[in-house]
Amino acid sequence: MADPSSYRPRPGEIPDSPGVYRFRDEHRRVIYVGKAKSLRQRLANYFQDLSGLHPRTRTMVTTAASVEWTVVSTEVEALQLEYSWIKEYDPRFNVKYRDDKSYPYLAVTMNEEFPRVQVMRGHKKKGVRYFGPYAHAWAIRDTVDLLLRVFPVRTCSAGVFKNAARTGRPCLLGYIGKCSAPCVGRITPEDHRELAEEFSDFMAGRTGTYLRRLESRMTEAAEEMEYERAARLRDDIGALKKAMEKNAVVLADATDADLIAVAEDELEAAVQIFHVRGGRVRGQRGWVTDKVEEVTTGALVEHALQQLYGEESGDAVPKEVLVPALPEPVEPVQEWLAGRRGANVSLRVPQRGDKKALMETVQRNALQALALHKTKRASDLTTRSRALEEIAEALDLDSAPLRIECYDISHLQGDDVVASMVVFEDGLQRKSEYRRFQIKGFAGQDDVRSMHEVISRRFRRYLAEKERTGEWADGEEMTAGGGIALGAGGPALTGAGTPPGDGAAPLTAEGSAPVDSGPASVDGGPASVDSGPAPVDGTAAPLTGADVIDGALKDDDGRPRKFAYPPQLVVVDGGQPQVAAARRALDELGIDDIAVCGLAKRLEEVWVPGEDDPVVLPRTSEGLYLLQRVRDEAHRFAITYQRTRRAKRFRAGPLDDVPGLGDTRKQALIKHFGSVKRLRSATIEQIQEVPGIGRKTAETIAAALAGAVPAGPAVNTATGEIIEDEEPGTTAGSAGEPVSAGLPDERRGQET
């Protein structure tokens, strides 16, 4: 536990200006971000007598090891920078709202030639109109089913749409009148887009125009004695009114507003938001947060506004936002909201009338959400705490292992050997910290040697980060505050802003994209489909002033470095040999403050280094259950990656080895020639006929194919027929897709 006086800035170092400050722990991890109208007055509050601080603030300042700040021009800039840093660094002592569920939206994809109505979750996409959020996906589908009678907009996926266009036959909805069937040309793209615009206008609350239009057409049809058409129009009007009834009128003046209510106690707070558009409740959301800092209701509202509108712009920010308490000061927040909307936004507390009554309803929802959350979490929090305590007691640890890392090796008969690292913090998964490794030191099957390599690589990076951090800390000793001032004349570095010399230790670079999808990065970097080529080992340049301003200790892509935070416990999937290999790897690196254990699958025995007998935990032990969860998650993560690599290797073809040839041009080549066999026999001039292929590329393709060994004959797996004129992995997939006779469809052997 650090003494705040050890890193307290000297008098006069802190500017009396608006700005944003960051507290960092001993590992240089940002643990708290805050903003202030006056940095000098605000930071002085943290360095008073510890007995006078709020318990959570006291915990924060004793966990921290340094503080630094950035000066800005206005309070609005401070608000924007605070939001950006909280999102980037994810500080543990800041208020972070967690969605209690992933809310579905009704989306209209206006960015497509034929807009589609569908249910969407996750991040919002440009060019798509969203309505909601809704509490349940079925509520969206019920509404859409009613509206398709009047607005028969496309709802099918791209695959179904293309198949219908190819066959010339629409889907069932096209036959029953709930789709205008643009796939077969029954409606022009312009008319279909106008239909989608009308659908969107109705969902946005402009309902009166369409109802009056339908009623007028129904009356005309009845007067002309076209009773069947009048009956259909009557049913359409009924469907629209039924859809409208799902969103009752709550504000008579057709107001567009968001109402935010907060229910809180000493430890947690729940936030509920009602989205009102056109006087009707169009959506509802709920968040819950731990109050890890001393915070007022107004500050909770401010954090909620940042999360709600931080990524929004235009009409997504309503003209009016009603809250239970105003942030202090309120002017910068109002100015920030106006900037996001592009027009004035009213931020106020309702005092009387319908809006106050609706706010009371939202408040009741918040109270109920908090009570429900506490009921669910009470047993869970108690169970996790007991599990960590049982593990600490069984392994004779000094304290509960708040961060646990587990490693597993996976291969198929010695091929495609990979490893996984999963992280649990406070007994919960921390998926953003997961890593995947390719075993590169040797070929073949050797789980013990593989485990030694993985542990060595992971903690070698930790030591490199620690060494770099140590040198950086030496440069900061001139000023404990580490102030950074951004002035009109360019960045001025003071104290910790002094860049280190050229003697900075080299550090391997790595990416930090999301995990659990796509190919993995080299040497344990996170995996991502869109991350491009995997990062390779290299050396990082010495830190510069720009590194300091953007945030200390970042990678080349601007993200905080990974592998910098050590676990309290390393768990390996295996018995005594794997545990000994992991311990030996740590000993070789001089690391003696990290505990190691292994969990053997057969009898669920816990092995520790240097012991001939395992530690046997009771079958009803919460600690054993947590270790099993950690081990099983590492196994799942490793085997998923191993299968991905194996499938990719099986699908590889001769065109994959041509440098500079992407998927689009590979598909164009196969489409033009029909197969790689025909492409191999083509001349350079014939290859140049393919769009996007120049002479140099054609020569490269011809040379690569000439040097490639032709694969074995292709076999249709459905019929057993040998297909002589095609090569495997080069034609479009279908039922009975040909695969190489030389590569079995499924390797026979045990997968580990």
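Refer to the preceding data block for the structure.
Note that residues are indexed from 1 along each chain, following the sequence as it is written. At least 70 in pLDDT is required for a residue's local features to be given in this predicted model, at least 80 for side-chain atom pairs to be given and counted, and no such filter applies to totals for whole chains, interfaces and linings, which use all residues. The side-chain figures draw on all heavy atoms in the structure; neither hydrogens nor water molecules are used.

Student: Please explain the packing of helix α3 (residues 75–89) against helix α11 (residues 331–341) as it appears in this structure.
Tutor: Relative orientation and spacing of two packed helices are given, respectively, by the angle between their axes and the distance between those axes. For helices, the fitted line uses only the C-alpha atoms of the stretch in contact; every axis is such a line through C-alpha atoms, and the angle between N-to-C directions lies from 0 to 180 degrees. Each helix is a run of H or I in the DSSP string that is no shorter than four residues. Each strand is a run of E no shorter than two, and both are numbered from the N terminus. Look at α3 against α11: their axes get within 9 Å of each other, and the N-to-C directions meet at 70°. Here α3 lies roughly perpendicular to α11, going by the angle between them. Across the interface between the two elements, Glu-75, Val-76, Leu-79 and Gln-80 of α3 pack against Pro-332, Val-333, Glu-335 and Trp-336 of α11. Taken together, the residues of the contact of α3 with α11 break down into five nonpolar, one polar and two charged. Roughly parallel refers to an angle under 35 degrees, roughly antiparallel to one over 145, roughly perpendicular to one between 65 and 115, and oblique to any angle outside these ranges. Whether two residues are in contact is decided by their heavy atoms: any pair within 4.5 Å suffices. In this classification, Asp, Glu, Lys and Arg are treated as charged, Ala, Val, Leu, Ile, Met, Phe, Trp, Tyr, Cys and Pro as nonpolar, and every other residue, Gly included, as polar.

Student: Can you walk me through the pairing of strand β3 (residues 66–71) in this structure?
Tutor: Consecutive side chains along a regular strand alternate between the two faces of the sheet. Burial within β3 is extensive, with six of its six residues counted as buried. Residues Ser-66, Glu-68 and Thr-70 line one face of β3 and the alternating positions Val-67, Trp-69 and Val-71 line the opposite face, and both faces are buried. Two strands make a pair as long as DSSP finds a minimum of two bridges between them. Sheet analysis places strand β1 (residues 19–24) next to β3, joined by six bridges and oriented antiparallel. Considered in β3, the bridge of Phe-23 is made with Val-67. When accessible area is computed with a 1.4 Å probe and restricted to protein chains, residues below 20% of their type maximum are described as buried, those above 50% as exposed, and intermediate ones as partly exposed.

Student: Would you take a moment to explain the packing of helix α10 (residues 297–309) against α11 for this structure?
Tutor: Between α10 and α11, whose axes approach to 12 Å, the crossing angle comes to 10°. Judged on the interaxial angle alone, α11 and α10 are roughly parallel. On the side of α10, the interface is formed by Glu-302, Leu-305, Gln-306 and Tyr-309, while α11 contributes Val-333, Trp-336, Leu-337 and Arg-340. Tallied by class, residues from the contact of α10 with α11 come to five nonpolar, one polar and two charged.

Student: Please clarify how the packing of aromatic side chains should be interpreted in this entry.
Tutor: Both the distance between ring centres and the angle between the ring planes are used here to describe each pair of aromatic rings. Ring pairs shown here join Phe, Tyr and Trp side chains whose ring centres sit within 6.5 Å, with only the six-membered ring taken for Trp; geometry is labelled stacked below 30 degrees between planes, edge-to-face above 60, and tilted in between. All chains considered together, the criterion is met by 13 aromatic pairs. Relative to Phe-23, the ring of Tyr-7 has its centre 6.4 Å away and its plane inclined at 80°; by these criteria the two rings are edge-to-face. With Tyr-7 in the segment before β1 and Phe-23 in strand β1, this residue pair connects regions lying 16 residues apart in the sequence. Where Tyr-21 meets Tyr-32, the ring centres are 6.2 Å apart and the plane angle is 40°; that geometry is what we call tilted.

Student: Teacher, can you tell me more about α3 here?
Tutor: Three or four residues apart is the spacing at which side chains of an α-helix point the same way, because the helix has 3.6 residues per turn. A rise of 1.5 Å per residue sets the reference length of α3, with its 15 residues, at 21 Å; its end C-alpha atoms lie 21 Å apart and thus fit the reference within 8%. Asp-90 sits one or two positions beyond α3 and adopts a positive phi of about 50°. Each residue after the first adds 1.5 Å to the expected span of a helix.

Student: I tried to follow the sheet that holds strand β7 (residues 129–131) on my own but got confused; where do I start?
Tutor: Strand pairing within a sheet occurs via backbone hydrogen bonds; the two strands may be parallel or antiparallel. In spatial order, the strands read β6-β5-β7; together these three strands make up an open sheet with antiparallel pairing. Every interior strand has two partners, whereas the edge strands, β6 (117–120) and β7, have only one. Each strand axis lies, on average, 35° off the axis of its neighbour in the sheet, ignoring direction. Summarising the sheet, strand β5 (residues 105–108) and β7 pair through three bridges and their orientation is antiparallel. In the sheet register, Leu-106 faces β7, and the bridge partner there is Phe-131.

Student: Would you explain the environment of Tyr-462 in this entry?
Tutor: By secondary structure assignment, the location of Tyr-462 is in helix α13 (residues 447–475). Spatially, the C-alpha atom of Tyr-462 lies 7.1 Å from that of Pro-566, the residues being 104 residues apart in sequence.

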